[in-house]
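For reference, the chains in residue letters:
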Amino acid sequence: MSDILSIVDLTKQYASPRGKAGVLNNLNLTVGKSEFVCILGPSGCGKSTLLRCIAGFEDYQGEIVCNGHKVKKPSIDRMMVFQDYNQLFPWKTVEDNIKYALKLRGEKDSDALARKVEELLHNVGLYEYRKFYPHELSGGMKQRVAISRARAINPEIVLMDEPFAALDAITRNRLQWNLYEISRREKVTVMFVTHNIQEAITLGSRVLIMNSNGEIVVDEQNPLQQPVRPSTPGYGELWDRYSRILQGEEG
Amino acid sequence: MTGWPVSNKFLSSKKQYTGIAVQLVFLLVCGIAWQWYATSRNIMGFPPLDVIVSHLVDSFTSPRQPILVYMAHSFLLIVEGMFIGAVAAVILSGLSVLNNVIGAIYKLLISIFDLLPGVALLPILMITIGANDMSILILVIHSVLWPMSRYIMDGFRMIPKTYIEVGKNFGLGMYRMLVDVYIPASFANVLSGLKVGWARAWRGLISAEMIFGAAQSAGIGVYINNARTIWLDYPGVYGAIFLIILVGVIVEYGFFHVIECRTVKKWGMIK
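Cut-offs and rules
Residues numbered from 1 in each chain as written. Chains lettered and ligands numbered in written order. Predicted model: local features only at pLDDT ≥ 70, side-chain atom pairs only at ≥ 80, totals over all residues. Heavy atoms only, no water. Helix = DSSP H or I, 4+ residues; strand = E, 2+ residues; numbered from the N terminus. Buried < 20%, exposed > 50% of the residue type's maximum accessible area, 1.4 Å probe, protein only. Pairing = 2+ DSSP bridges. Domains from an automatic or database assignment. Contact = heavy atoms within 4.5 Å. Buried area = accessible area lost by both parts, 1.4 Å probe. Salt bridge = Lys/Arg side-chain N within 4 Å of Asp/Glu carboxyl O. Polar contact = N/O pair within 3.5 Å; in protein donor to acceptor, adjacent residues only side chain to side chain. Nonpolar A, V, L, I, M, F, W, Y, C, P; charged D, E, K, R; others polar. Core = buried A, V, L, I, M, F, W, Y, C linked by side-chain atoms within 4.5 Å.

Peer 1: How should I be thinking about unusual backbone geometry in this particular structure?
Peer 2: The phi angle of most residues is negative, glycine excepted, and most peptide bonds adopt the trans form. Residue and element names in this part refer to chain A. Across the junction of Q226 and P227, the peptide omega takes the value 0°, indicating a cis bond. Following the sequence through the fold, P227 ends up in the loop between β10 (216–221) and α7 (235–246). In the Ramachandran plot, D9 falls in the positive-phi region, its phi being about 50° despite a non-glycine side chain. Note on D9: relative accessible area 39%, which makes it partly exposed. In this model, E162 sits at a positive phi of 45°, which is unusual for a non-glycine residue.

Peer 1: Honestly, the pairing of β10(A) in this entry has me stumped. Any pointers?
Peer 2: Within a regular strand, the side chains alternate between the two sheet faces. Pairing of strand β9 (residues 206–210) of chain A with β10(A), which is carried by five bridges, proceeds in the antiparallel orientation. Paired with A:R206 across the strands is A:Q221, a residue of β10(A).

Peer 1: Hey, could you run me through the domain arrangement of chain B in this one?
Peer 2: In many analyses, interface size is given as the accessible surface area lost on bringing the parts together. Residue and element names in this part refer to chain B. Split into domains, chain B comes out as domain 1 (1–42) and domain 2 (45–262). For domain 1 and domain 2, the distance between their C-alpha centres works out to 27 Å. The partner domain 2 presents ten residues to the eight residues of domain 1 that form the contact. Across the interface of domain 1 and domain 2, roughly 680 Å² is buried in total on both sides, 67% from carbon and sulfur atoms. At the boundary of domain 1 with domain 2, the tally comes to zero salt bridges. Our enumeration of links across domain 1 and domain 2 arrives at three residue pairs in polar contact (both at pLDDT 80 or more). Of the residues belonging to the side of domain 1 that touches domain 2, the class tally is three nonpolar, five polar and no charged.

Peer 1: Got a minute to help me understand the side chain of A:E199 in this structure?
Peer 2: Residue and element names in this part refer to chain A. Along the chain, E199 falls in helix α6 (residues 197–203). With a relative accessible area of 2%, E199 lands in the buried category. Excluding its chain neighbours within four sequence positions, the residues that come into contact with E199 are C38, F164, R172, Q176, F192, T194 and G204.

Peer 1: Explain helix α1 (residues 47–55) of chain A here, please?
Peer 2: The periodicity of an α-helix, 3.6 residues per turn, causes residues three or four places apart in sequence to face the same way. Residue and element names in this part refer to chain A. Counting buried positions along α1 gives eight out of nine residues, so the element sits mostly inside the fold. Among all positions in α1, only K47, T49, L50, L51, R52, C53, I54 and A55 are buried. Of the residues flanking the end of α1, it is G56, one or two places downstream, whose phi is positive at about 95°.

Peer 1: Please clarify how the nonpolar core should be interpreted in this entry.
Peer 2: Soluble globular proteins tend to pack their nonpolar side chains together in the buried interior. Within the largest apolar cluster, 145 residues are counted, with the highest numbers of intra-cluster contacts made by A:L5, A:M191 and A:Y242. Take this core: its biggest share by element is twelve residues, from helix α6 (residues 133–158) of chain B. When near neighbours in sequence (up to four residues on either side) are disregarded, A:M191 contacts A:L5, A:L29, A:V31, A:V37, A:I39, A:L51, A:I54, A:I157, A:V158, A:L159 and A:M160.

Shown next, in the form of structure tokens:
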């Protein structure tokens, strides 16, 4: 598996009234093509900051290289899906939000645009809502459209910052399966930040756990048979181990 | 899921019709009170509604210049001034986003000129340009440009960070960012600025025309002034005022309200 992302000695500090506070300290990481990397960690450990550095939204020390190019600013080869439901442009319909992304990728033919929109929306079960404006959709639907929009760009890597965090359990489960199927079928490279151990175990082909010092303390391939369900052998043990690590009992 | 927007729309239109009905009843009550007061007191400067309406209808075909010609003159001036002012406001506010130095200077200019009533500029305009339509046009532009710029700049500041980051993530340059993200995301503010600009421009224009009196300008303000001082036609003064109000209402509901419904309301950006 070839590497799509390489991070060397990544350090990120924020200025605070008491001086500079370190969030990420000399972090090293490589991500292979088509990997689904789930990042777990306590609040404030730097998970989102790591994603924002990779996306190019933050200045940083060290080196981040995506597909051979050093990350200096945001770019369509690293698409971010935010936690915020309101990331779709409210002045565009569902299909126009996706068409906009497709046009940025260089697609100009109207028939091809329509076909691609149809395919992307069918994949997330929202084709019949294509004429709706974002405010007419539920939070889960908006997130599905946001995922489709990110995929429309066909980026090297999709960065997802707790996109399902504020959803109810049923919607979250449905969206997890939806994302799982898309990522495995289309071999999308994903970095997915979450607080939720179940989510990390279900979605990730690889799981990272960060501690509150902004260091990676666990970096391993998901050992469970996929697709992972609560009834999958070893699920309970893995959940329990990750939980203990997150609580600082085990490193 | 599909049900709630429909029922919401139904509730919203029901509320809207109730609002319109209440407004019409209120106007009717005001009209009846006016008619009763004017006919019972018989004050020269306070004519009954039927007399005002009759004078207004006559003024449409008056042997002196019909009132609609005066109105059209003022209206064309204000449309021209509003167009120039609105385009300038969008361009200058946009440049302020693209360049920090322009932004700092423009903020200062807004602070200075937005507080300056257009009529206060009239003496200077009359000295430098003369009592003509060009002075009024500049006054209208002044009335639109600054409040609209202030609203647009406030709108830019209030754009959710996520939209801007999505735009950056799409790799948009500053120009595309302005056109594709900043302006639509702050369109509610653009419209509010336009409304405030329209109101200020309309008031400024009428005031200026009345101050110019029978000068070279031939707008509705001049008509009111002439009706009061030359023709001694007090119902004509009221008729002209009603016409001004009518134009204001038509612009509010026939233009701004329609744009609002087709944009920011449809997009769910305002209720």
